[in-house]
Amino acid sequence: MNPSKYTRSATLGVVFSLFMVGQTVELSAQQGKTNLAHIGIVYPLSTNGTTAALDTNDFSLHAIAGVSQQENRLLIAGVAGVVKGDAHGVMVSGVSNHVGNDATGIQVAGLLNRIGHRADGAQLAGLVNLAGHTRGIQVAGLLNRSGNVTTQVAGLINVAAKVEGIQLAGLINIAEESDYPIGLINIIKQGEMQLGITLDELGTSLVAFRSGGRVLYGILGAGYNFKHEEVRYVVEAGIGAHLVRSRAFGLRAELASAAMTSFEDGVYGKQGFRALAGFRITPKLELFAGPTFNHLISTSGQPEIQGRRYLWQWHGEDTTSGFFVGGLVGLQFSL
């Protein structure tokens, strides 16, 4: 046989074989495969190799980061877990979890959970949770953002479309619909916001911002005491609930806590429960008033600002406390 012909034939054979192998690998890659376990360090250094992004796994364990098409039960990654399709069960990553489509179950991440479409279950992140829609709970140290969601709990900010349950944030809640926001500032499209001024039995006048949904709202205020120089400057925060609402009349309950100081004589703390009746003077202007039940605490030795009108009073080693009944009157304008 002619050596050159033999060489050409062998070469063509090898090329054809490589082509067929390539076609087989490509077909397999397109379809992906289902694995009982996927173990690796970082893509593509894993038992699934370069086809990992198209494979489905029941269990995945990655020292740094792993990639897959779908996870069925459990994924654990030292840094990040990336699922291009759907994820079911539990995902736990040191830094972040990323799901391209839907996720059902629990996602736990040190910093970030990101779900492309729908999340059913719970998202727990040290900083941020992001999802298209959430049927369940989002808990984050900093920020939650979703479309429709059942419950959100964030250290700083929650953002959503419609919230079915509680929306709890350390600072701000933002939503189109949220009947139960708990935050200092609640920007609810179908809710309400009021800016007003109040005066209480201690002579404290506050400019207060009330904002929230149809049921719960937040209170944030700052003001000045005209009666006692020891407590000239006051800041207040609290939560309120609408009990009765109509066009002309409303009844609500509030829990509030205030810090009062002159920046020279220490800080007084006042916590109170209020039952307030409101009367609409105009569609946007409301006059309200009602009794309050208060607790006042100060460092022992500070000047008395309440006098002797206490229901109960006691003196501790370092503090003086007492309960008393007072009143609050205010006028507020709907924004």
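Everything in this summary refers to the structure shown in the same document. Since the structure is predicted, the reported quantities are computational estimates derived from the model, not experimental observations.

## Points about the overall build of the protein chain
Okay, step 1: Along the protein chain, the regular secondary structure elements total one helix and 26 strands.
Okay, step 2: In terms of overall size, the protein chain is more extended than a compact globule, its C-alpha atoms giving a radius of gyration of 31 Å where 335 residues would be expected to give roughly 20 Å.
Okay, step 3: Per-residue burial for the protein chain yields a buried fraction of 42% across its 335 residues.
Okay, step 4: When the accessible area of the protein chain is evaluated, it comes to approximately 16800 Å², of which 66% is carbon and sulfur surface.

## Some thoughts on the packing of aromatic side chains
Okay, step 1: Per the stated rule, a full pass over the model turns up eight aromatic pairs.
Okay, step 2: Seen from their ring centres, Tyr224 and Phe226 are 5.1 Å apart, and the 70° between their planes marks the pair as edge-to-face.
Okay, step 3: For Tyr224, a relative accessible area of 34% puts it in the partly exposed group.
Okay, step 4: When the centroid spacing of 5.8 Å and the interplanar angle of 70° are considered together, the rings of Tyr224 and Tyr233 count as edge-to-face.
Okay, step 5: With a relative accessible area of 42%, Tyr233 lands in the partly exposed category.
Okay, step 6: Each residue in the set Tyr224, Phe226, Tyr233 and Phe263 is aromatic and connected to the rest through ring pairs, giving one cluster.
Okay, step 7: Here the guanidinium or amino end of Arg252 rests over the ring plane of Phe288, the centre of that ring lying 4.9 Å away.

## Concerning the nonpolar core
Okay, step 1: In this structure, Leu202, Leu206, Val231, Val234, Ala258, Met260, Tyr268, Leu296, Ile305, Tyr310 and Phe324 together form the largest nonpolar core, which totals eleven residues.
Okay, step 2: Membership of the second largest hydrophobic core comes to ten residues, among which are Ala87, Met91, Ala103 and Ala119.

## A look at the pairing of strand S25 (residues 312–315)
Okay, step 1: In this structure, S25 lies alongside strand S26 (residues 319–334), joined through four bridges in antiparallel fashion. Of the residues in S26, the one forming a bridge with Gln313 is Gly322.
Okay, step 2: Hairpin connection of S25 to S26: three residues between the antiparallel strands.

## With respect to the pattern of salt bridges
Okay, step 1: Scanning the model with the defined rule gives twelve salt bridges in all.
Okay, step 2: Arg214 is the salt-bridge partner of Asp179, the closest N and O atoms lying 2.9 Å from each other. Of this pair, Asp179 sits in strand S16 (residues 177–182) while Arg214 sits in the loop between strand S19 (204–212) and strand S20 (216–225), and the two are 35 residues apart along the sequence.
Okay, step 3: Where Glu254 meets Arg252, a salt bridge forms, and the shortest distance between an N and an O atom there is 3.5 Å.

## Remarks on unusual backbone geometry
Okay, step 1: That bond from Tyr43 to Pro44 is cis: its omega, 0°, falls within 30 degrees of zero.
Okay, step 2: Within the secondary structure, Pro44 sits in the loop between strand S1 (34–42) and strand S2 (45–46).

## Concerning the side chain of Arg232
Okay, step 1: Here Arg232 lies in the loop between S20 and strand S21 (233–245).
Okay, step 2: Among buried charged residues, Arg232 stands out as having no salt bridge; its nearest opposite-charge side chain is Glu229, 4.9 Å away.
Okay, step 3: Residues within four places of Arg232 in sequence aside, it is in contact with Gly223, Tyr224, Asn225, Phe226, Lys227, Thr261 and Ser262.

Criteria and cut-off values
- Residues numbered from 1 in each chain as written.
- Predicted model: local features only at pLDDT ≥ 70, side-chain atom pairs only at ≥ 80, totals over all residues.
- Heavy atoms only, no water.
- Helix = DSSP H or I, 4+ residues; strand = E, 2+ residues; numbered from the N terminus.
- Rg over C-alpha atoms; globule rule 2.2 N^0.38 Å.
- Buried < 20%, exposed > 50% of the residue type's maximum accessible area, 1.4 Å probe, protein only.
- Areas by Shrake-Rupley, 256 points an atom, 1.4 Å probe, with all protein chains shown as cover.
- Phe/Tyr/Trp six-rings, centres within 6.5 Å; stacked < 30°, edge-to-face > 60°.
- Lys NZ or Arg CZ within 6 Å of the ring centre and 35° of its normal.
- Core = buried A, V, L, I, M, F, W, Y, C linked by side-chain atoms within 4.5 Å.
- Pairing = 2+ DSSP bridges.
- Salt bridge = Lys/Arg side-chain N within 4 Å of Asp/Glu carboxyl O.
- Lys, Arg positive; Asp, Glu negative; His and termini not counted.
- Contact = heavy atoms within 4.5 Å.

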